[in-house]
Structure formats: structure tokens, C-alpha cells
Amino acid sequence: VVKQRSRAQYQLYHKGMDKNTNELLSMETALRRSIGNNELKLHYQPQVDLHTNEIVSYEVLLRWENSHLGSVSPAKFVPIAEESGLIISIGEWVIEEACKQLMQWKKEGLGEIVLAINLSAKQFEQPYLVEKIKSLFSEYYINPNQIEFEITEGALQNVDEALHIMSRLKKIGVAISIDDFGTGYSSLMYLKQFPIDSLKIDQSFIREVLTDQKDEAIVKTILSIAENLGLLVVAEGIETLEQLNFLKTLNCQKGQGFYFSKPIPPVEITNRLKD
Ligand code: C2E
Ligand code: MG
Ligand code: MG
Ligand code: MG
């Protein structure tokens, strides 16, 4: 009896695993076809100067809409894209699509809009990344001042390699920010070594910044380190006026979050700017 039950349990467990593995594999297969099938698009979320209340840039956020899977959150598919290596081609698609959009906005007389583009660690380490970016910039007449790349702390673990890539990126003239700051392998060493322009405080510290003393202390500390090192700070995930006002009193320069706007399709930005 014991043996039977354990076999049954084993089978259940095994089937559960299969289901998961199958789901991941079919998602990977679908993701592989997503570019060719036109299933990817970009949304843009305003980043606001907290003192003037003006939109100064937009973060580019990838969206995937598949006929069978529906709309899949990047939190779910980006890790799959990273593990399978698909993030290289998808990430290039993101940069090219963003460049096309910038050229389009320029053509429409909306000026040189600034975009923050997420780079995954795998993409960041890709040997051809810098050349690829250069050629896209020349193809779409992008002023490098229009682009900021967001990388997470995970991309900085191989210090020598990361320093090399980052200095090549800085030479092109783009800005670099550390995304989800405080959630990764945070190290003060890289704040000293790397040519970083800004830190994005992770939204998990902003969520309860008004009620959790530890979050408040962390946010204040990040702002003070940044000020002393001459780095700009962007607060992520601002959802309420109270959070905004508090961050203003701390002299946080920039912010983004649902309080200002959710990520929106480019046509909505065009319409808002033309109004
Ligand atoms: P992230 O780069 O930290 O982007 C910020 C995420 O927070 C976005 O989620 C955004 O929609 C969400 N967000 C913004 N304001 C608020 C707010 O006030 N409240 C809450 N609760 N959330 C807010 P999203 O679009 O689902 O993206 C999730 C993550 O997926 C991104 O985190 C980024 O790590 C990754 N991702 C998205 N697009 C790309 C991409 O093009 N390339 C790469 N490599 N990763 C991407
Ligand atoms: Mg980001
Ligand atoms: Mg973030
Ligand atoms: Mg994140």
C-alpha cells in the first residue's frame, strides 16, 4: 500500500512537473515566433521632474500579446527570454522599435523625446551590443542624448567586463541608470567605479515609504548617497499624492508611477503632445 501510494504521489508530482515544463516550453516556442508574428509592442511610461511636474522622459516597456496565451506580463516572459537567449533578438527589436518611434515623433514635430530602455544582463554582455546601438542611432538619426539605458545590479557582477561595456556606451553619449536599485547585489563599490548617471529606487521601497520606517530610512539613505556622488535619483512606483509630496520634501529629482500615468501606447503620447 505504501509503495503504491508513493508511486501515485510520484506520478502526480511528475505530471505536475511536466505541466510546468510544457508550459515553459510552449511559452518559449511562442515567444520565439513573437517578433515575426508582430505580437510585440512597446508602451511608454512618463518620467516626471518632481519639482516642475513636467514629463522629461519615458520608460520603454515591452508588451506581448499572443492569440493563445493572451497578454503575458514581462515579469513572466522576460526571464524565459533571458534563459533561452531569445532576449538578444527581442532586446534588439525593442531598441530598434524605440528608435523608429523617436524618428517618427521627430518627423511629427514633437522634438527630441528622451527614452529609457531596459537592457537585460545577457543583452548587456553581448559583444555586438555597442556596435548594434551605434548603427541603429545612425540609421534613425538618434541623438545619443535621447537615450538612457537601464540595467540592473545583476549585470554588474563581472566588474571588468561591465566596466568595459559601460565605458563604451558612455563614449557613444547615452546615459546609464541602475534599475531596481537596492534589490540586487547592491555594492557601494560599483557606485564608485562605474560611470553611472542615475539610480532608480525600486518600487518595493516606495510602496510603504510613508508608513514603514525602514523603507523611509532606506529611501533617505539612497538619496543622500546619490546626492553626495552627484547621481540623479528616480523613484519608481509612485501611486499617491502623499508619496509624491514626501519624495519632493526629500529632494528626489525624478519619479514615475501610476499617480502620473500607467505605461501607454505611443499614439496616446503623440495625442497628448499634440494637444
Ligand atoms: P522595470 O524596468 O522595473 O519597470 C517598471 C515596472 O513597474 C513596469 O512593469 C511598470 O509597468 C511598473 N510600474 C510603473 N509604475 C508603477 C506603479 O505606480 N505601481 C506599480 N505597481 N507598478 C508600476 P512591467 O511593464 O510589467 O515590466 C516589468 C519588468 O519587465 C520591468 O521592470 C523590466 O525588468 C522588465 N521589462 C519590461 N520591458 C523590458 C524590455 O524591453 N527589456 C527588458 N530586458 N526587460 C523589460
Ligand atoms: Mg526599468
Ligand atoms: Mg525598476
Ligand atoms: Mg523591475
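Before reading further, recall that the structure is shown in the block above.
As a starting point, this report considers the structure included with it.

Calculation notes
- Residues numbered from 1 in each chain as written.
- Chains lettered and ligands numbered in written order.
- Predicted model: local features only at pLDDT ≥ 70, side-chain atom pairs only at ≥ 80, totals over all residues.
- Heavy atoms only, no water.
- Helix = DSSP H or I, 4+ residues; strand = E, 2+ residues; numbered from the N terminus.
- Buried < 20%, exposed > 50% of the residue type's maximum accessible area, 1.4 Å probe, protein only.
- Contact = heavy atoms within 4.5 Å.
- Areas by Shrake-Rupley, 256 points an atom, 1.4 Å probe, with all protein chains shown as cover.
- 1 Å grid on protein atoms, 1.4 Å probe; cavity = no way out; pocket = protein on both sides within 12 Å on 5 of 7 lines; lining within 4 Å.
- Points joined across faces, edges and corners; volume = space filled by probe spheres on them.
- Nonpolar A, V, L, I, M, F, W, Y, C, P; charged D, E, K, R; others polar.
- Near = heavy atom within 4 Å.
- Polar contact = N/O pair within 3.5 Å; in protein donor to acceptor, adjacent residues only side chain to side chain.
- Sits in = over half its atoms within 2 Å of the grid points.
- Donors = N, O, S within 2.8 Å, 3.2 Å for Na, K, Ca; no water.
- Pairing = 2+ DSSP bridges.
- Right-handed = clockwise from strand over helix to strand, strands pointing away.
- Axes fitted to C-alpha atoms, helices over the stretch in contact; angles between N-to-C directions.
- Parallel < 35°, antiparallel > 145°, perpendicular 65-115°, else oblique.
- Left-handed = near helix turned anticlockwise from the far one by under 90°.

### Quick look at the overall build of the chain
Piece 1. Helix and strand content of the chain: 11 helices and nine strands.
Piece 2. Dimensions of the chain along its principal axes, counting C-alpha atoms only, are 70 × 50 × 45 Å.
Piece 3. Looking at the chain as a whole, 41% of its 275 residues are labelled buried.
Piece 4. Across the chain, every contact between residues at least 6 apart in sequence was considered, and the portion connecting residues at least 24 apart equals 67%.
Piece 5. Accessible area for the chain stands at about 14900 Å²; split by element, carbon and sulfur atoms hold 51% of it.

### Regarding empty space enclosed by the protein
Piece 1. By the definition in use, this model includes one cavity of 30 Å³ or more.
Piece 2. In this structure, the largest cavity is lined by Ile88, Glu92, Gln123, Gln126 and Leu129.
Piece 3. Among the residues making up the lining of the largest cavity, the classes are represented as two nonpolar, two polar and one charged.

### Brief notes about the side chain of Gln47
Piece 1. Counting through the fold element by element, Gln47 comes out in strand E1 (residues 40–49).
Piece 2. Given the relative accessible area of 1%, Gln47 is considered buried.
Piece 3. Aside from chain neighbours lying at most four places away, what touches Gln47 is Glu54, Ile55, Val56, Ser57, Tyr58, Glu59, Ala116, Glu150, Lys200, Lys254, Gly255 and Gln256.

### Quick notes on the site of ligand 1
Piece 1. Neighbouring residues of ligand 1: 21 residues in total, closest Arg63, Asp179, Gln203, Glu239 and Phe258.
Piece 2. Contact distances for ligand 1 include 3.1 Å between a nitrogen atom and a backbone N or O atom of Leu62.
Piece 3. Surface burial for ligand 1 is 82%, taken as the share of its 800 Å² of free accessible area covered by protein chains.
Piece 4. Cavity membership is defined here by more than half of the atoms lying within 2 Å of grid points; on that basis ligand 1 lies in the largest pocket.
Piece 5. Broken down by element, the residue count for the shell around ligand 1 peaks at four residues, all from strand E2 (residues 54–66).
Piece 6. When grouped by side-chain class, the residues that make up the shell around ligand 1 number eight nonpolar, six polar and seven charged.

### So, the coordination of the magnesium ion (ligand 3)
Piece 1. Coordination of the magnesium ion (ligand 3) by the protein involves Asp179 (OD), Asp180 (OD), Glu236 (OE) and Glu236 (OE), with metal-donor separations of 2.1 to 2.5 Å.
Piece 2. Mapped onto the sequence, the residues coordinating the magnesium ion (ligand 3) show the spacing D-D-x55-E.
Piece 3. A separation of 4.0 Å is found between the magnesium ion (ligand 3) and the magnesium ion (ligand 2), both of which receive a donor from Asp179. In this pair, Asp179 sits in strand E6 (residues 175–181) while Glu236 sits in the loop between strand E8 (232–235) and helix H10 (241–249), placing the two residues 57 residues apart along the sequence. Of the two residues, Asp179 and Glu236, both sit in the buried class.

### Concerning the pairing of E6
Piece 1. Counting buried positions along E6 yields five of seven residues, so the element is predominantly enclosed.
Piece 2. Here strand E5 (residues 147–152) pairs with E6 via five bridges, running parallel. Paired with Phe149 across the bridge in E6 is Ile176.
Piece 3. Between the parallel pair E5 and E6, the chain is carried across by helix H6 (residues 159–172), and the sense of this crossover is right-handed.
Piece 4. The β-α-β motif built from E6, the intervening helix H7 (residues 188–193) and the parallel element strand E7 (residues 198–201) has right-handed crossover chirality.

### Here we look at the packing of helix H3 (residues 87–107) against helix H5 (residues 129–139)
Two measures define how a pair of helices packs: the angle their axes make with one another and the distance between the axes.
Piece 1. Relative orientation of the contacting elements H3 and H5 amounts to 20 degrees, with a least axis distance of 10 Å. Considering their axes alone, H3 and H5 lie roughly parallel with respect to each other. H3 and H5 meet at a crossing whose hand is right-handed. For the pair H3 and H5, contact is made by Glu92, Ile95, Glu96 and Cys99 and by Leu129, Lys132, Ile133, Leu136, Phe137 and Glu139, respectively.
Piece 2. The residue inventory of the contact of H3 with H5, partitioned by class, reads six nonpolar, no polar and four charged.

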